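# Observations on the model geometry
Here are the chains, one letter per residue:
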Amino acid sequence: MFTAQQRILVTGASSGIGQAIALRCNALGATVLASGRNAERLAEGQRRAADPSRWLCVERDLLEDMEALPEWIRELARRHGKLWGLAHAAGDGLMDSLRTYDLATARQHFDLSFHMPMLLAKGFCDRRCSENGGALLFLTSASAVFAEKGHMIYGAAKAAVAAAAKAISQEVAPRLRVHCLAPGIVDTPLEERAEAYMGASYREEQLRGYPLGFGHPDDVAQMAAFLLSEQARWITGQNFVLAGGRY
Ligand SMILES: NC(=O)c1ccc[n+]([C@@H]2O[C@H](COP(=O)([O-])OP(=O)(O)OC[C@H]3O[C@@H](n4cnc5c(N)ncnc54)[C@H](OP(=O)(O)O)[C@@H]3O)[C@@H](O)[C@H]2O)c1
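The model shown is predicted, which means the values in this text are computed figures rather than measured ones.

Next up on the list: the layout of surface pockets. There is about 180 Å³ of room inside the second largest pocket. Forming the boundary of the second largest pocket are Met95, Asp96, Ser97, Arg99, Thr100, Lys149, Gly150, Tyr197 and Met198. Counted by class, the lining of the second largest pocket contains three nonpolar, three polar and three charged residues.

The next thing to look at is the packing of aromatic side chains. Within the structure shown, the criterion is met by two aromatic pairs. Ring centres 6.5 Å apart and planes at 50° place the aromatic pair Phe110 and Phe114 in the tilted group. Here Phe114 and Phe110 lie together in helix α4 (residues 103-125), a separation of four residues that amounts to about one turn. Judged by relative accessible area, which is 26%, Phe110 ranks as partly exposed. Centre to centre, the rings of Tyr210 and Phe214 are 5.0 Å apart; their planes meet at 85°, and the pair counts as edge-to-face.

With that settled, consider the environment of Cys180. Among the structural elements, Cys180 can be located in strand β6 (residues 177-183). Exposure remark for Cys180: the relative accessible area of 1% places this residue in the buried category. Counting along the chain gives 19 residues from Cys180 to Val161, while the straight-line C-alpha distance between them is 8.3 Å. With residues near it in sequence (within four places) discarded, Cys180 still touches Phe138, Thr140, Val161, Ala162, Ala165, Gln238, Asn239 and Phe240.

Another point: empty space enclosed by the protein. Inspection of every chain in the model, using the stated rule, returns one cavity of 30 Å³ or more. When its volume is computed, the largest cavity comes out at roughly 60 Å³. Along the lines of polarity and charge, the residues of the lining of the largest cavity split into six nonpolar, two polar and one charged.

Tracing the backbone through its elements, the reader meets Asn26 in helix α1 (residues 16-27). The buried category is assigned to Asn26, whose relative accessible area is 0%. Other than its neighbours up to four places away in sequence, Asn26 contacts Val32, Ala49, Ala50, Asp51, Arg54 and Trp55.

A separate point is the site of the ligand. Residues in close proximity to the ligand total 29 residues, the closest being Ser14, Ser15, Asn38, Tyr154 and Thr188. One of the side-chain nitrogen or oxygen atoms of Arg193 is found 2.9 Å away from an oxygen atom of the ligand. Across the complex, the protein chains shield 95% of the 900 Å² of accessible surface that the ligand would expose by itself. Every element with two or more residues in the shell around the ligand is listed here: α1, α5 (152-172) and α6 (189-198). Of all the elements, α6 adds the most residues to the shell around the ligand, at three residues.

Angle between the axes and distance between the axes: these two values describe a pair of packed helices. One way to put it is that α1 packs onto helix α8 (residues 217-228) with a least axis distance of 8 Å and a crossing angle of 50°. Classed by the angle they form, the pair α1 and α8 counts as oblique. Crossing of α1 against α8: the hand is right-handed. Contact residues: α1 offers Gly16, Ile17, Ala20, Ile21, Arg24 and Cys25, while α8 offers Pro217, Asp218, Val220, Ala221, Gln222, Ala224, Ala225 and Leu228. Taken together, the residues of the contact of α1 with α8 break down into ten nonpolar, two polar and two charged.

Conventions and cut-offs
- Residues numbered from 1 in each chain as written.
- Predicted model: local features only at pLDDT ≥ 70, side-chain atom pairs only at ≥ 80, totals over all residues.
- Heavy atoms only, no water.
- 1 Å grid on protein atoms, 1.4 Å probe; cavity = no way out; pocket = protein on both sides within 12 Å on 5 of 7 lines; lining within 4 Å.
- Points joined across faces, edges and corners; volume = space filled by probe spheres on them.
- Nonpolar A, V, L, I, M, F, W, Y, C, P; charged D, E, K, R; others polar.
- Phe/Tyr/Trp six-rings, centres within 6.5 Å; stacked < 30°, edge-to-face > 60°.
- Helix = DSSP H or I, 4+ residues; strand = E, 2+ residues; numbered from the N terminus.
- Buried < 20%, exposed > 50% of the residue type's maximum accessible area, 1.4 Å probe, protein only.
- Contact = heavy atoms within 4.5 Å.
- Near = heavy atom within 4 Å.
- Polar contact = N/O pair within 3.5 Å; in protein donor to acceptor, adjacent residues only side chain to side chain.
- Areas by Shrake-Rupley, 256 points an atom, 1.4 Å probe, with all protein chains shown as cover.
- Axes fitted to C-alpha atoms, helices over the stretch in contact; angles between N-to-C directions.
- Parallel < 35°, antiparallel > 145°, perpendicular 65-115°, else oblique.
- Left-handed = near helix turned anticlockwise from the far one by under 90°.

Nothing here speaks to function; it is geometry throughout.
Printed below as a string of structure tokens:
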């Protein structure tokens, strides 16, 4: 599906969905720039990769010096060559409500879930950084689409990304494509943290809404790899829900 000259930067590659996307793209022939904060888990990903020589570990806390993110992408492109794709999977959950709403938490979360992906997109979409025909992929969430109690700020930030992605898709076409994947519950460390916070009955209650059960990270990675590839050349600006039949 990919060649070794197709370099894909995957954020969140040290865990969960991001790691599954990085492993899948590597297995399909791409060179992966695997980014995360945890060096040990990035190196573990490299050991598991189909071709470890096409897995480059790039350690960075993306919340540190966020305004420098476009320049960071330029530096990666200078060092390794232009990127074919950016799959942005770094992120975290937030359980919140109108009752607990406070401005500082909302601003912090919008930095993580909205401003960070936009700054990365700005760097990637620069002609000096990305190959013609390439693709940008954001992880949004089913919370941006369905009514979900407890996901007020989280869902709003993800919906903002999906809306921005539509606008960006028009701005960068036909040179680049822009995609969003909106997963429902996928078994990852993020979901484990949510379940620990919500208590014992949460998983069982949620499962009732999923005719096909919860997702595995690779269920998302399969679709991500397709969208990043040339096979999806006629698709842009969409927010695809992957949620095991939940609606
Ligand atoms: N799992 C679900 O049910 C689900 C559902 C819908 C949407 N999503 C979305 O999918 C994406 C991936 O989630 P996941 O479930 O795979 O989560 P995860 O297993 O907790 O992984 C999160 C990743 O984000 C990285 N990360 C977090 N903050 C970072 C920062 N400041 N700088 C750099 N990297 C950072 C982590 O890096 P380190 O581990 O190295 O610190 C880790 O690699 C998120 O955007 C999430 O909102 C997940």
